[in-house]
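# Chain and residue survey
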Amino acid sequence: MTSRRIVLTPWAFLTPALLLYALFTVYPVARALILSFQRNIDGEIRWAGVAQYQRLLGDDVFKQALFNTGIFLVVQVPIMLLAALLIAIALNSKRFPLRALFRSAFFLPSIMSLVAVGVLFRVLLNEDLGLVNYLISSLGLSAVPWITHPWWAKITVMLLLTWRYTGFMMVIYLSGLQTIPDELYEAAEIDGSSGWQSFWYITLPLLRPTILFTTVLSTIGVLQIFDEALIVTRGGPSNETLTIGLYLYQTVFSSADFHYAAALSWVLVILIGVLSVLQLRLGERGQG
Amino acid sequence: MKKRFSLLETAVVLVLAIGAFLAVFPFYWMFSAATRTSADVLGIPPRIDFGLALWQNLETLIARGFFLAAWNSLLIASVTTVLTLLVASMAGFALTQYQFKARENVFALFLITLIVPPQVTIVPLFQLMAGQNPFSINLLGSPWAIMLPALSSSFAIFFCRQAFQKYPSELSDAARVDGANEFQVYWRIALPTIRSSLAALSVFVFLGQWNSFFLPLIMNSNNDAGRTLPLLISSLIGENTIDYGALIAGTALSVLPVLIFFLLAQRLFVSGALSGSVKG
């Protein structure tokens, strides 16, 4: 009797969470998979095999979104993580003046909603009347087409991401750095190691799990870019900043093509899964 | 003995000072622009001082339904926070205080969903909320369509599990001896001991909801009365002639509560409490 009660009690506590998961996570994920293998012919739902996925392979807009996301991933993530790491190392030093204030200042952008960030960037980077182009022109340079030029629009999105997330990543690095005991650096200094050597042989190896974590986190984040791109560029000019998230949204609300959108969303799941596992594997192998 | 700064160190401080300025300046610009007229937000030469048009901007905002949107945001963020904390703390309690066979598997399920992108649930969730459910209830435009899916937060469960791991189970045993039932042990004895963790968690859940855009956008595309602040702001930027003064004022007002939270609880944010809990 007693043991039976003990067995059931944890399940009673878990029931609300499990129910919510079943309804609003597990069911939709499974349902999306089913939808992606169907098609809607004049209101009639039929099985379609992998037709939706085949459609994706031939879809130039999808390829463009994939390419854009890839650019953001390969260019923005390493730059941001390197900057965050260097800032964290500098601000971890007790010799740094006002370092608490600096930490807060760098972290501040990450509390702002992406919609708000999008609005600010769109106004500050306005091509004719914005503050940034005014400053650039007053230096004698020509105004930058932040929103309308294919490559500059990509750079705008990457600048926005870097502004918003560098401080957040810095905080993660700081908490990683704080787990490295000072004695290690002191011992290395006594043995005549330079600051660069300490960084290369102590900081980097011990920070490896943290670096891995931030890489996976940023990758997942970049693959899901939506709010900021919608507000600043609407995916334009001519789909040059279109992301998978934006394309998905357009497919649902402009073309109401739920089955195609479901296939698109499952490609996103697979991409996130594969890239995460790949990065974790690479990280572990480097460690061995 | 304090060494003097080397040339390199001075350069580093200087570069970081510029970086910190770039991080903070848009906040200053936003609050100052909120007080300027539309022409003075965007105009040549640009202005960066405070203006006199704050009231005028607020009037425009109020006419566009600012109070209703702010109320919706507050309501949705508050209710979601309370319910999420309740659900997640119960799950965290179960996952740490009881031995049962499937415990690790249940936890693994919660963990896996941490990397499920919200986009993949969007089509079925939309259909579910649009009335394709056994009860044919159409929740689109109602706050529940936004709140219910947000309640299953793996992050919150993870956080509560971490917090309960430090809870001494002897306290529960003592309460059981005194005749408390399991729910009373959780509610009266265990929950109060993780109060400070719950406070931290509530800040993050609240801010996450307050700033949320994607799910509200999907669930509330056809009901202006149900708009949250981010939806109102994004609708202002979609108008043909954008009133930049009102747009920036609305943006500033949506950021203000978050900024106050941050200034009051800076250490919580910058200490990495969030990141530490994600990492485990």
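Residues numbered from 1 in each chain as written. Chains lettered and ligands numbered in written order. Predicted model: local features only at pLDDT ≥ 70, side-chain atom pairs only at ≥ 80, totals over all residues. Heavy atoms only, no water.

## A few points about helix α4 (residues 99–107) of chain A
Those residues of α4 of chain A that sit buried are F102, R103, S104, A105, F106 and F107 of chain A. Summarising the contacts, the buried residues of α4 of chain A are in contact with α3 (60–92) and α7 (150–177) of chain A together with α1 (7–33), α14 (244–264) and α15 (266–270) of chain B. (Buried < 20%, exposed > 50% of the residue type's maximum accessible area, 1.4 Å probe, protein only. Helix = DSSP H or I, 4+ residues; strand = E, 2+ residues; numbered from the N terminus. Contact = heavy atoms within 4.5 Å.)

## Section: the confidence of the model for chain B
In regions of low pLDDT, the predicted coordinates are not meant to be interpreted in detail. Across chain B, pLDDT averages 90, with 95% of residues at or above 70. Scored below 50 in pLDDT, residues 275–280 of chain B makes 14 contacts in the model with residues more than four places away or belonging to other chains. (pLDDT = per-residue confidence, 0-100.)

## Considering the pattern of salt bridges
Enumeration over the complete set of coordinates arrives at 13 salt bridges over all chains. Among the salt bridges present, the one from D60 of chain A reaches K63 of chain A, with a minimum N-O distance of 4.0 Å. Taken together, the residues D60 of chain A and K63 of chain A, both in helix α3 and 3 residues apart, mark about one turn of the helix. Relative accessible area serves as the criterion here: at 42%, K63 of chain A is assigned to the partly exposed category. Here D49 of chain B makes a salt bridge to R47 of chain B, at a shortest N to O gap of 2.9 Å. Judged by relative accessible area, R47 of chain B falls into the partly exposed class, the value being 34%. One connected set of salt bridges, linked through shared partners, spans D40, R47 and D49 of chain B. (Salt bridge = Lys/Arg side-chain N within 4 Å of Asp/Glu carboxyl O.)

## Some thoughts on the side chain of T251 of chain A
Along the chain, T251 of chain A falls in helix α11 (residues 244–253). Setting aside chain neighbours within four positions, we find T251 of chain A in contact with A256, D257, Y260, A261 and L264 of chain A.

## Remarks on the packing of helix α4 (residues 66–97) of chain B against helix α7 (residues 143–150) of chain B
All names here are of chain B. Two numbers describe how α4 lies on α7: the axes approach to 10 Å, and their chain directions differ by 30°. The handedness of the crossing between α4 and α7 comes out as right-handed. Mapping the contact onto sequence places L75, I76, V79, T80, L83 and T84 in α4 and P143, W144, I146, M147 and A150 in α7. (Axes fitted to C-alpha atoms, helices over the stretch in contact; angles between N-to-C directions. Left-handed = near helix turned anticlockwise from the far one by under 90°.)

## Focus on the side chain of T60 of chain B
Residues and elements named next belong to chain B. Note on placement: T60 falls in helix α3 (residues 54–63). What makes T60 buried here is its relative accessible area of 19%. The contact partners of T60, leaving out residues within four places of it in the chain, are D243 and A246.

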